[in-house]
Amino acid sequence: MGVEDLFDSVEEQILDLLARIDDGDENALEELKKVKRYFEELNDLLSIISEADTIETVSKKFDKLSEKFDEFLEEIVKVVG
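Just so it is clear, the structure is predicted and the values come from calculations on it, not from any experiment.

## Describing a negative patch on the surface
The grouping of Glu4, Asp5, Asp8, Glu11 and Glu12 at the surface amounts to a negative patch. By the secondary structure assignment, Glu12 is in helix H1 (residues 3–22).

## Things to note about the confidence of the model for the protein
Per-residue confidence for the protein averages 87 on the pLDDT scale, and 99% of its residues sit at or above 70. Mean pLDDT across the elements of the protein ranges from a minimum in helix H3 (residues 55–80), with 85, to a maximum in H1, with 89.

## As for the pattern of salt bridges
Using the criterion set out here, one finds 6 salt bridges in the structure. In this structure, the salt-bridge partner of Arg20 is Asp16, at a minimum N-O distance of 3.9 Å. One end of the pair, Arg20, and the other, Asp16, are both in helix H1, 4 residues apart, so they sit about a helical turn from each other. Residue class for Asp16 comes out partly exposed when judged on its relative accessible area of 38%. Of the charged contacts in the structure, one is a salt bridge between Glu30 and Lys33, with a shortest N-O distance of 3.6 Å. Separated by 3 residues within a single helix, Glu30 and Lys33 lie in helix H2 (residues 26–46), roughly one turn from each other. For Glu30, a relative accessible area of 43% puts it in the partly exposed group. Judged by relative accessible area, Lys33 falls into the partly exposed class, the value being 39%. Salt bridges linked by common partners bring Asp16, Arg20, Asp25 and Glu31 together as one network.

## Examining a nonpolar patch on the surface
Where nonpolar side chains cluster on the molecular surface, the patch consists of Phe39, Leu42, Leu45, Leu46, Ile49 and Leu65 and spans about 460 Å² of accessible area. The element that contributes the greatest number of residues to the nonpolar patch is H2, accounting for 4 residues. Judged by relative accessible area, which is 39%, Phe39 ranks as partly exposed.

## Thoughts on H2
For H2, which comprises 21 residues, the first-to-last C-alpha distance of 30 Å matches the rise-based estimate of 30 Å (1.5 Å per residue) to within 8%. Two or three places before Asn27, at the opening of H2, Asp25 has a side-chain oxygen 2.9 Å from that residue's backbone nitrogen.

## Digging into the packing of H1 against H2
Two numbers describe how H1 lies on H2: the axes approach to 8 Å, and their chain directions differ by 145°. Where H1 crosses over H2, the two elements pack in a sense that is left-handed. Across the interface between the two elements, Val10, Ile14, Leu17, Leu18, Arg20 and Ile21 from H1 touch Asn27, Ala28, Leu29, Glu31, Leu32, Val35 and Phe39 from H2. Here the residues of the contact of H1 with H2 sort into 10 nonpolar, 1 polar and 2 charged.

Scoring rules and cut-offs
Residues numbered from 1 in each chain as written. Predicted model: local features only at pLDDT ≥ 70, side-chain atom pairs only at ≥ 80, totals over all residues. Heavy atoms only, no water. Patch = residues over 30% accessible without salt bridge, like charges linked within 9 Å, V, L, I, M, F, W, Y side chains within 5 Å. Areas by Shrake-Rupley, 256 points an atom, 1.4 Å probe, with all protein chains shown as cover. Salt bridge = Lys/Arg side-chain N within 4 Å of Asp/Glu carboxyl O. Lys, Arg positive; Asp, Glu negative; His and termini not counted. Charge placed at Lys NZ, Arg CZ, Asp CG, Glu CD. Helix = DSSP H or I, 4+ residues; strand = E, 2+ residues; numbered from the N terminus. pLDDT = per-residue confidence, 0-100. Buried < 20%, exposed > 50% of the residue type's maximum accessible area, 1.4 Å probe, protein only. Expected span 1.5 Å × (residues − 1). Polar contact = N/O pair within 3.5 Å; in protein donor to acceptor, adjacent residues only side chain to side chain. Axes fitted to C-alpha atoms, helices over the stretch in contact; angles between N-to-C directions. Left-handed = near helix turned anticlockwise from the far one by under 90°. Contact = heavy atoms within 4.5 Å. Nonpolar A, V, L, I, M, F, W, Y, C, P; charged D, E, K, R; others polar.

Structure below.
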């Protein structure tokens, strides 16, 4: 699946959710809220990538993020016990 196909699929899903919300489906509203959170998280993740990046630099950035996340989890374990 190409990027354009992915965006078309996402657009269709969002339009479907909006139609269901318009019909009074409360579950669709909750699903749309989840989609919003996923997009916010994806935006945060992708904000570290710049136009000048290559696959190698992106890989290094994600590796560094993974290390920092692991350190964060270790600190939580220490605090929580």
